[in-house]
Amino acid sequence: MTEIPIEDRVKLSPPPHTASINFTQQWILVTPAVYRYEDEVWIDQFLDTGKLRLSTFAKFSKYKDEIRGDSSEGSGFGYGETKDSKSVLVYQTEGLNALVLCCTHRLDKGMRDKFGRNSAFQITNTVGFAREISRQLVGFRHGLEGSCIYRDRKLISRALDYDFEKYKLPDGNIDMQGLFDAGNALGGPELVLLKNKNYQQQAEYRLLWEVDTLKADYIDVVAPNARQYCRKVEDKEY
């Protein structure tokens, strides 16, 4: 537990909304059309065979260029504050066993060139695409997709309905389980979608597949059925 002066406290924000839909009646969800910049040779290979490379946050941290490299991917600080102004600050990491495909809402030739790519393909149905990829992943646990959240600082700030007293030890310190529980209350999908504001022009949309274990910082998955939800972008569309 830590006390933070009131002038240093940040604005507390609710977690992003997530939906798990199980309606009796039909509900139509219009999924976003997103784009993946890639070299034409690899796009053609994917559309011919279904082979696609998925990377990891560990891989992203190794990129040297500013537009792709981000050493803090999947990590950030969580700050929680209770109604009686008690607070906790924890450093968190998520997505250690996640495979990631980074896409964008923007179809822009200039941005494509900045990424050092010469082509792009569009995912017309992200849910169908993600489902077909997941069927080919050994140890697949769960998935997530969404638009990246851009902030000045990689900080999750949240009001907590949290009783610190039940974690207090006889010596006055807080039991470590209390910090773990606070971290869980401050975590969630927001952390793997959170990016610094200087990347905002990328308008990134992410798809993530969590698996049991990862032995490398990328894998090549072969999912031929995913191709039905994709199309190659023509030059005249930029």
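Residues numbered from 1 in each chain as written. Predicted model: local features only at pLDDT ≥ 70, side-chain atom pairs only at ≥ 80, totals over all residues. Heavy atoms only, no water.

K.L.:
Please set out the overall build of the protein residue by residue, giving values where relevant.
P.N.:
Within the protein, the secondary structure is distributed over 6 helices and 13 strands. Per-residue burial over the protein gives 41% buried out of 238 residues. Pairs at least 24 residues apart make up 86% of the contacts formed inside the protein by residues separated by at least 6 positions. (Helix = DSSP H or I, 4+ residues; strand = E, 2+ residues; numbered from the N terminus. Buried < 20%, exposed > 50% of the residue type's maximum accessible area, 1.4 Å probe, protein only. Contact = heavy atoms within 4.5 Å.)

K.L.:
Lay out unusual backbone geometry in plain terms, naming residues and giving numbers.
P.N.:
At Ala203, a residue that is not glycine, the phi angle is positive and equals roughly 45°. With respect to the helices and strands, the residue Ala203 is situated in the loop between strand 10 (194-196) and strand 11 (204-211).

K.L.:
So what's going on with the side chain of Arg36? Which residues, and what values?
P.N.:
Residue position: Arg36 is located in strand 1 (residues 34-38). Among the polar contacts listed, one links the side chain of Arg36 to the side chain of Glu38, at a separation of 3.5 Å. Of the polar contacts made by the side chain of Arg36, one reaches the backbone oxygen of Cys102; its length is 2.9 Å. Every residue in contact with Arg36, bar those within four places of it in the chain, is listed here: Leu101, Cys102, Cys103, Ser119, Ala120 and Phe121. (Polar contact = N/O pair within 3.5 Å; in protein donor to acceptor, adjacent residues only side chain to side chain.)

K.L.:
Please provide a residue-by-residue account of the confidence of the model for the protein, values included.
P.N.:
Residues at a pLDDT of 70 or more form 87% of the protein, whose mean pLDDT is 84. Note on residues 1-8: pLDDT is under 50 here. Beyond four places in sequence and across chains, it has 14 contacts. (pLDDT = per-residue confidence, 0-100.)

K.L.:
Break down the pattern of salt bridges for me, with residues and values.
P.N.:
This model, assessed by the stated rule, comprises 16 salt bridges. Ionic pairing is found between Arg117 and Glu38, a salt bridge with its closest N-O pair at 3.3 Å. Of this pair, Arg117 sits in the loop between helix 3 (109-114) and strand 6 (119-123) while Glu38 is found in strand 1, placing the two residues 79 residues apart along the sequence. Asp44 is the salt-bridge partner of Lys232, the closest N and O atoms lying 2.9 Å from each other. Of this pair, Lys232 sits in strand 13 (residues 230-232) while Asp44 sits in helix 1 (residues 40-49), and the two are 188 residues apart along the sequence. (Salt bridge = Lys/Arg side-chain N within 4 Å of Asp/Glu carboxyl O.)

K.L.:
Any chance you could break down the sheet that holds strand 4 (residues 87-93) for me, citing the residues and the numbers?
P.N.:
Backbone-to-backbone hydrogen bonds join strands into a sheet, with any given pair of strands oriented parallel or antiparallel. Reading across from one edge, 4-3-9 is the order of the 3 strands in this open sheet, with mixed pairing throughout. The outermost strands of the open sheet, each flanked by one partner alone, are strand 4 and strand 9 (155-159). Averaged over all pairs of adjacent strands, the angle between their axes in this sheet comes to 20°, without regard to strand direction. Where strand 3 (residues 75-81) meets strand 9, 5 bridges bridge the pair, whose relative direction is parallel. (Pairing = 2+ DSSP bridges. Axes fitted to C-alpha atoms, helices over the stretch in contact; angles between N-to-C directions.)

K.L.:
Would you mind going over the nonpolar core in detail, with residue names and values included?
P.N.:
Ranked by size, the top nonpolar core spans 23 residues in total, and within it Leu52, Leu54, Ile123, Phe129, Ile133 and Trp209 carry the most contacts. At the level of secondary structure, the elements contributing two or more residues to this core comprise helix 1, strand 2 (51-55), strand 5 (98-104), strand 6, helix 4 (126-134) and strand 11. It is strand 11 that contributes the most residues to this core, 4 residues altogether. Judged by nonpolar contacts, the second largest core, of 9 residues, contains Val88, Tyr167, Ile174 and Leu186. (Core = buried A, V, L, I, M, F, W, Y, C linked by side-chain atoms within 4.5 Å.)

K.L.:
Tell me what's going on with the environment of Ala182, and back it up with residues and numbers.
P.N.:
Structurally, Ala182 is set in helix 5 (residues 176-186). Each C-alpha atom, one on Ala182 and one on Leu89, is 8.9 Å from the other, the two residues being 93 residues apart in sequence. Filtering out sequence-adjacent residues up to four positions away, Ala182 remains in contact with Val88 and Tyr162.

K.L.:
I'd love a proper account of the packing of aromatic side chains, names of residues and values included.
P.N.:
Considering all chains together, one arrives at 3 aromatic pairs under this definition. Taking the centre distance of 5.4 Å and the plane angle of 35° together, the rings of Phe46 and Phe121 count as tilted. Of this pair, Phe46 sits in helix 1 while Phe121 is found in strand 6, placing the two residues 75 residues apart along the sequence. Overall, the relative accessible area of 2% leaves Phe121 in the buried class. Arranged with centres 6.5 Å apart and planes meeting at 80°, the rings of Phe46 and Phe129 form a pair that is edge-to-face. Separated by 83 residues along the polypeptide, Phe46 in helix 1 and Phe129 in helix 4 bring together distant segments of the chain. Given a relative accessible area of 0%, Phe46 falls into the buried group. The rings of Phe46, Phe121 and Phe129 are connected pair by pair, giving a single aromatic cluster. Lying over the aromatic face of Tyr238, Arg112 brings its terminal NZ or CZ to 4.8 Å of the ring centre. Note that Lys195 overlies the ring of Tyr199, its terminal NZ or CZ placed 4.2 Å from the centroid. (Phe/Tyr/Trp six-rings, centres within 6.5 Å; stacked < 30°, edge-to-face > 60°. Lys NZ or Arg CZ within 6 Å of the ring centre and 35° of its normal.)

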